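Examining the three-dimensional arrangement
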Amino acid sequence: MSDATIEVSGRTIEISHPDKVLFPDDGITKRDLAEYYARIAGVAQPHYQDRPLTMQRFPEGIGESGFFQKNIPDYFPDWIERVELPKEGGTVTHVLANDAATLVYLANQGCITPHLALSRAQTPERPDRMIFDLDPSDGDFGKVQEVAKAVKAALDDRDLPSFVAATGSRGLHIVLVLDASVEVDRLRPFARDLSAEIAEAHPALATTEQRKEKRGDRVLVDTFRTAYGQTAVGAYAVRARPGAPVATPLKWDEALASDMAPDRYDIRSVFRRLGQISDPWADIDADPIAADRLVGDG
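Everything in this summary refers to the structure shown in the same document. Keep in mind the model is a prediction, meaning the values are calculated, not measured.

What counts and what doesn't
- Residues numbered from 1 in each chain as written.
- Predicted model: local features only at pLDDT ≥ 70, side-chain atom pairs only at ≥ 80, totals over all residues.
- Heavy atoms only, no water.
- Helix = DSSP H or I, 4+ residues; strand = E, 2+ residues; numbered from the N terminus.
- Buried < 20%, exposed > 50% of the residue type's maximum accessible area, 1.4 Å probe, protein only.
- Polar contact = N/O pair within 3.5 Å; in protein donor to acceptor, adjacent residues only side chain to side chain.
- Contact = heavy atoms within 4.5 Å.
- Phe/Tyr/Trp six-rings, centres within 6.5 Å; stacked < 30°, edge-to-face > 60°.
- Lys NZ or Arg CZ within 6 Å of the ring centre and 35° of its normal.
- Pairing = 2+ DSSP bridges.

Concerning the side chain of Gln-45
- Summarising the element assignment, Gln-45 is placed in the loop between α1 (30-44) and β5 (52-57).
- Accessibility expressed as a relative area gives 13% for Gln-45, which makes it buried.
- Reaching out from Gln-45, the side chain makes a polar contact with the backbone oxygen of Asn-98 at a distance of 3.3 Å.
- Excluding anything up to four places from it in sequence, Gln-45 contacts Ala-97, Asn-98, Asp-99, Ala-100 and Leu-103.

Here you go:
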């Protein structure tokens, strides 16, 4: 296979083996993936800015086992921004996808799905995102939507505005935007208590039980991302699933509509969507919640 190049952000990114098929059921190649990230970057990249990134790589495509990689390899070019952060027993150096060229370079490395820290590189212990991950135990997305309504109502009652996204997998992410003023350990009780409140109010629909065998057919309201070093799938990131679905920010009325599905938008159709509806998260950072409001709430 001959190589190809993509011109982006003033750089020329070489795509090795561009015709390698990464999604065997769909014929989607490495070139297709790289071109997707080059095209979507104008919308997506602001959501990635200064966020330590974890790569979910599938060098041989999604038909083979992939792996997560936090540390940036030594051979990555010097122009890619990075940040060294503490971890137990040492440090880890993450990629910062602060331009479109980095996203394209990562695609060439078989990184299908970038996962992003909920904190910025400058404030690693003080997140500016809190995520309630609604993870179904079966294929009934209607139950996910019902639980999402309950979570949104509980947040609305506290005058806490929320954002929502289809994960591109099976569920929804409900996002609070914070001002990065409070350490993550102090925020955990709020997340835990609100999820427990939802589970207690809707015992047939929702649970906080992490063990799958104890969930039954209920939706897990997962708040375990409220911890140091945790990540969530990036906005407009491709998921390593047949059809190449995309994690897509939504308006709340869209998320709760009867025709919505968590994997409704994919590597191709998301551009038709953005041609009709601008990014619902375009102004997501305009009015962050004072994080100290969440301390002691429950």
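Remarks on the packing of aromatic side chains
- All chains considered together, the criterion is met by five aromatic pairs.
- Between the aromatic rings of Tyr-36 and Phe-271, the centroid separation amounts to 5.5 Å while the plane-to-plane angle is 65°, which identifies the pairing as edge-to-face. Here Tyr-36 is found in helix α1, whereas its partner Phe-271 is found in helix α6 (residues 269-276), with 235 residues between them in sequence. Pair check on accessibility: Tyr-36 and Phe-271 agree, each one buried.
- Each residue in the set Tyr-75, Phe-76, Trp-79 and Tyr-105 is aromatic and connected to the rest through ring pairs, giving one cluster.
- Of note, Arg-39 hangs over the ring of Phe-271, and the distance from its end group to the ring centre comes to 3.8 Å.
- When the ring centre of Trp-252 is taken as reference, the NZ or CZ atom of Lys-152 above it lies at 5.7 Å.

Focus on the pairing of strand β11 (residues 163-166)
- Here β11 pairs with strand β12 (residues 172-177) via four bridges, running antiparallel. If you follow Phe-163 over to β12, its bridge partner there is Val-175.
- Following β11, the chain reverses through five residues before pairing antiparallel with β12; Gly-168 in that reversal takes a positive phi of roughly 80°.
- Relative to strand β16 (residues 248-250), β11 runs antiparallel, the two being bridged by three bridges. When the sheet's bridge partners are listed, Ala-165 is paired in β16 with Pro-249.

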